[in-house]
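Each chain, written out:
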Amino acid sequence: MDKRVYLCLAHMSGREQDFIREAFDTNWVVPLGPNVNAFEEELGAFLGGGKRVVALSAGTAAIHLGLVLLGVGPGDEVICQSFTFCASANPAVYLGATPVFVDSEPRSWNMDPELLEEAIRDRIARRGRKPKAIIPVHLYGMPADIDAICRVAERYGIPVLEDAAEALGSEFEGRKCGTFGALGALSFNGNKMITTSGGGALIVPDDETRRRAMFFATQAREPFPYYQHEQIGYNYRMSNICAGIGRGQMTVLDVHIAHHRRVHARYAAAFAGVPGITLADNPDSRWNSNFWLCTILVDPAVSGTTCEELRLRLDAEGVETRPLWKPMHLQPVYAGNPCYVNGTAERLFGRGLCLPAGPMVTDDDVDRIAACIRACVKSPVA
Ligand SMILES: *Cc1c(COP(=O)(O)O)cnc(C)c1O
């Protein structure tokens, strides 16, 4: 049998070990150092727009730290996208705040700007105060309608923290995801567009915000010769070893993104005209997804199959797939949270599947996966 095909395996450039060896040779085996500084510089240059970057231990830490910088605390509400991974919303709970979930719009699958405005109005009417932050997500690398979301946020004076964990390199109107909001979060977990074995970053607008982020990421230590603490901080900096992996990965970031897009184009050709199978695509020319994972919707009435049947068939063929994210407003842990729902996330959850798209996925793999899916489709019309 052929090798097993995974959703998004890590892929090394070969340069990673050079940067790690340099760290050992110079004894920078600590959570700061030349690799951390260089990795942050390189990410900042990649993102553009004059943004600064703070490298952290995880994407979840980046979202948590972002909410700290925005002053989120007990009793506050934070508007989160319901259709996402739990790490978009959990950090609000770490701070004693309450996630308020907003559903998606059907084109990008991300936060619906109109429903967002409805939610903000209703929260203000009910509580007499506005939510403290808004966390839209660029899910599977597909940019949210971030312009419209930021316009709504601006109207009510609420800061946006973009969850760009899956969207490194994705663009909306030619501008990189993660650079639209007041703050942005990236992830370098093992399965993301690039990896540091585990890590993340906070995207910030200026040096002063960067200084504050560093302060809270290093235990909020005040400038005294002894350890003086006047606020609660965290131990969230990235290690110089992990940043060495990140520097090696930066040399292949563009190659990875191009590969994900090529895989998407090959799926698109393979699924053209296949009844009941719809590959998610950029809604129009303003969107430019990195296609971190390629995703399909399966219409059982037209295709004669279901995404669960496809998942089991592909698994038997040695191909890893996964159902789309289960919406947060349907998660038991968030059962009592306020939510503003239009049915989109729930419909997507029941009907969609993530397909492999990582740098180890070959053209042959795509052809084999597509052939397996086509074989499951039983067109009702002869
Ligand atoms: C991976 C991910 C995160 C969290 O990143 P970690 O580095 O795993 O902590 C947050 N949000 C989304 C949408 C993610 O996919």
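Above this text is the structure in question.
Described below are features of the structure shown in this document. The residue numbering used here restarts from 1 in each chain and proceeds along that chain's sequence as written. Only residues with pLDDT of 70 or above have their local features reported here, since the model is predicted, and side-chain atom pairs are shown and tallied only from 80 upward, although totals for entire chains, interfaces and linings are computed over all residues. The side-chain figures draw on all heavy atoms in the structure; neither hydrogens nor water molecules are used.

**Quick word on the environment of Cys339**
Then comes step 1: Working definition: helices are DSSP H or I runs of at least four residues, strands are E runs of at least two. Numbering for both runs from the N terminus. For Cys339, the location among the structural elements is in strand β14 (residues 339–340).
Then comes step 2: Whether a residue is buried, partly exposed or exposed follows from its accessible area with a 1.4 Å probe, protein chains only, as a fraction of its type maximum: under 20%, in between, or over 50%, in that order. Classification of Cys339 as partly exposed rests on a relative accessible area of 35%.
Then comes step 3: Residues Cys339 and Arg212 lie 127 residues apart in sequence; the distance between their C-alpha atoms is 32 Å.
Then comes step 4: Pairs of residues are marked as contacts when any of their non-hydrogen atoms sit within 4.5 Å. Other than its neighbours up to four places away in sequence, Cys339 contacts Phe101 and His329.

**Comments concerning the site of the ligand**
Then comes step 1: Note on definitions. A residue lies near a molecule or strand when any single heavy atom of the residue is within 4 Å of it. Around the ligand sit 15 residues in total, of which Thr60, Asp163, Glu166, Ser187 and Lys192 are the nearest.
Then comes step 2: Polar contact criterion, stated in full: a pair of N or O atoms within 3.5 Å, where within protein one must be able to donate a hydrogen and the other to accept it, and residues adjacent in sequence count only if both atoms are side-chain atoms. One of the backbone N or O atoms of Gly59 is found 2.8 Å from an oxygen atom in the ligand.
Then comes step 3: In the environment of the ligand, an oxygen atom lies 2.9 Å from a nitrogen or oxygen atom belonging to the side chain of Asn189.
Then comes step 4: Computed with a 1.4 Å probe, the accessible areas rest on the Shrake-Rupley method; for each residue, only the protein chains presented here act as cover. Within the complex, the protein chains bury 94% of what would otherwise be the 380 Å² of accessible surface of the ligand.
Then comes step 5: By residue class, the composition of the shell around the ligand is five nonpolar, seven polar and three charged. All residues other than Ala, Val, Leu, Ile, Met, Phe, Trp, Tyr, Cys, Pro, Asp, Glu, Lys and Arg, Gly among them, are scored as polar; the first ten of these are nonpolar and the last four charged.

**Some thoughts on the pattern of salt bridges**
Then comes step 1: Salt bridge, as used here, is a side-chain nitrogen of Lys or Arg placed within 4 Å of a carboxyl oxygen of Asp or Glu. Applying the stated criterion across every chain, the model contains 26 salt bridges.
Then comes step 2: One salt bridge in this structure joins Arg4 and Asp315, with 2.7 Å as the shortest N-O distance. Here Arg4, found in the segment before α1 (16–25), pairs with Asp315, found in helix α11 (residues 307–316); they are 311 residues apart in sequence, far enough to count as distant.
Then comes step 3: A relative accessible area of 37% places Asp315 in the partly exposed class.

**Remarks on the pairing of strand β2 (residues 77–81)**
Then comes step 1: Most of β2 is tucked away: five of the five residues are buried.
Then comes step 2: Judged by which residues are buried, β2 turns out to be covered on both faces: Glu77, Ile79 and Gln81 on one side and Val78 and Cys80 on the other are all buried.
Then comes step 3: The pairing of β2 with strand β3 (residues 98–102) spans five bridges and is classified as parallel. Counterpart to Gln81 in the pairing with β3 is Val102.
Then comes step 4: Strands qualify as paired when DSSP identifies two bridges or more between them. Where β2 meets strand β4 (residues 133–135), three bridges bridge the pair, whose relative direction is parallel. Bridging across to β4, Cys80 finds its partner in Ile135.

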